[in-house]
Amino acid sequence: MRDEIRRNMPLFSMGIITKLTELTPRQVRYYEQQGLIRPARTKGNQRLFSFNDVDRLLHIKSLMEKGVNIAGVKEMLQERDRQQARESQPEPQPKKAVKPDLSEAELHKLLKRQLSELSYKPNRSHLIQGELSRFFH
DNA sequence: TTTCTAACA
DNA sequence: TGTTAGCA
């Protein structure tokens, strides 16, 4: 898996990242504070982001745009990290329908939790519920 | 010129 | 989240 090395190679400055993701530097730094990403640093303490960081930031952005809060985003990304860990490590067990079912179920849990939290926000709640309703048949 | 940290009318 | 101050 030398592809992982490429994906994690620190390449992009803050300026490139903000253009690539359309996030503000403030937002990017805040997400780092929250432990959502951990970019490398230059000798001058400048952040250097990898393709993986870009990926995560875009993921974060899309979730935030749907009204998911930081806590929710954290859980979603943790779930993504768990799946990646399982893919990198040899999984000697059943080859097929185990991993997908589990992650799907957990995803639903998380979304339900989000939905109940959002119900206290009279403002956007109807929009969010409309977006998320397809997960609860 | 760009980015960093810290802090707030 | 925005924005600003003061550095490197």
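Everything numeric in this text was worked out from a predicted model, so none of it was measured.

We now examine the environment of Ile-17. Structurally, the position occupied by Ile-17 is in helix α2 (residues 14–21). When the C-alpha positions of Ile-17 and Phe-51 are compared, they lie 10.0 Å apart, and in sequence the two are 34 residues distant. Among all residues touching Ile-17, those that are not within four sequence positions of it are Phe-12, Glu-22, Val-28, Phe-49, Val-54 and Leu-57.

A contiguous nonpolar surface patch, about 280 Å² in accessible area, is contributed by Met-9, Leu-11 and Phe-51. Turning to its location among the elements, Phe-51 is positioned in helix α4 (residues 51–65).

Taken together, Ser-13, Met-14, Gly-15, Arg-26, Arg-29, Arg-41, Asn-45, Gln-46 and Arg-47 make up all the residues around DNA strand B. Among all atoms of DNA strand B positioned within 4 Å of the protein, those belonging to sugar or phosphate total 88%. Within the side chain of Arg-41, one N or O atom sits 3.1 Å away from a phosphate oxygen of DNA strand B. Within the residue set of the surface near DNA strand B, elements represented by two or more residues are α2 and α3 (25–33). Across the surface near DNA strand B, the residue classes break down as one nonpolar, four polar and four charged.

In this section: the pattern of salt bridges. Counted according to the given criterion, the structure contains nine salt bridges. For the salt bridge of Arg-7 with Asp-3, the shortest nitrogen-to-oxygen distance reads 3.4 Å. Note that Arg-7 and Asp-3 are positioned in helix α1 (residues 2–7) at a spacing of four residues, about one turn of the helix. Of the charged contacts in the structure, one is a salt bridge between Asp-55 and Arg-80, with a shortest N-O distance of 3.7 Å. Of this pair, Asp-55 sits in helix α4 while Arg-80 is found in helix α5 (residues 70–88), placing the two residues 25 residues apart along the sequence. By relative accessible area, which is 16% here, Arg-80 ends up buried. A single network of salt bridges, built from pairs that share partners, joins Asp-3, Arg-6 and Arg-7.

About the cut-offs
- Residues numbered from 1 in each chain as written.
- Chains lettered and ligands numbered in written order.
- Predicted model: local features only at pLDDT ≥ 70, side-chain atom pairs only at ≥ 80, totals over all residues.
- Heavy atoms only, no water.
- Helix = DSSP H or I, 4+ residues; strand = E, 2+ residues; numbered from the N terminus.
- Contact = heavy atoms within 4.5 Å.
- Patch = residues over 30% accessible without salt bridge, like charges linked within 9 Å, V, L, I, M, F, W, Y side chains within 5 Å.
- Areas by Shrake-Rupley, 256 points an atom, 1.4 Å probe, with all protein chains shown as cover.
- Salt bridge = Lys/Arg side-chain N within 4 Å of Asp/Glu carboxyl O.
- Near = heavy atom within 4 Å.
- Polar contact = N/O pair within 3.5 Å; in protein donor to acceptor, adjacent residues only side chain to side chain.
- Nonpolar A, V, L, I, M, F, W, Y, C, P; charged D, E, K, R; others polar.
- Buried < 20%, exposed > 50% of the residue type's maximum accessible area, 1.4 Å probe, protein only.

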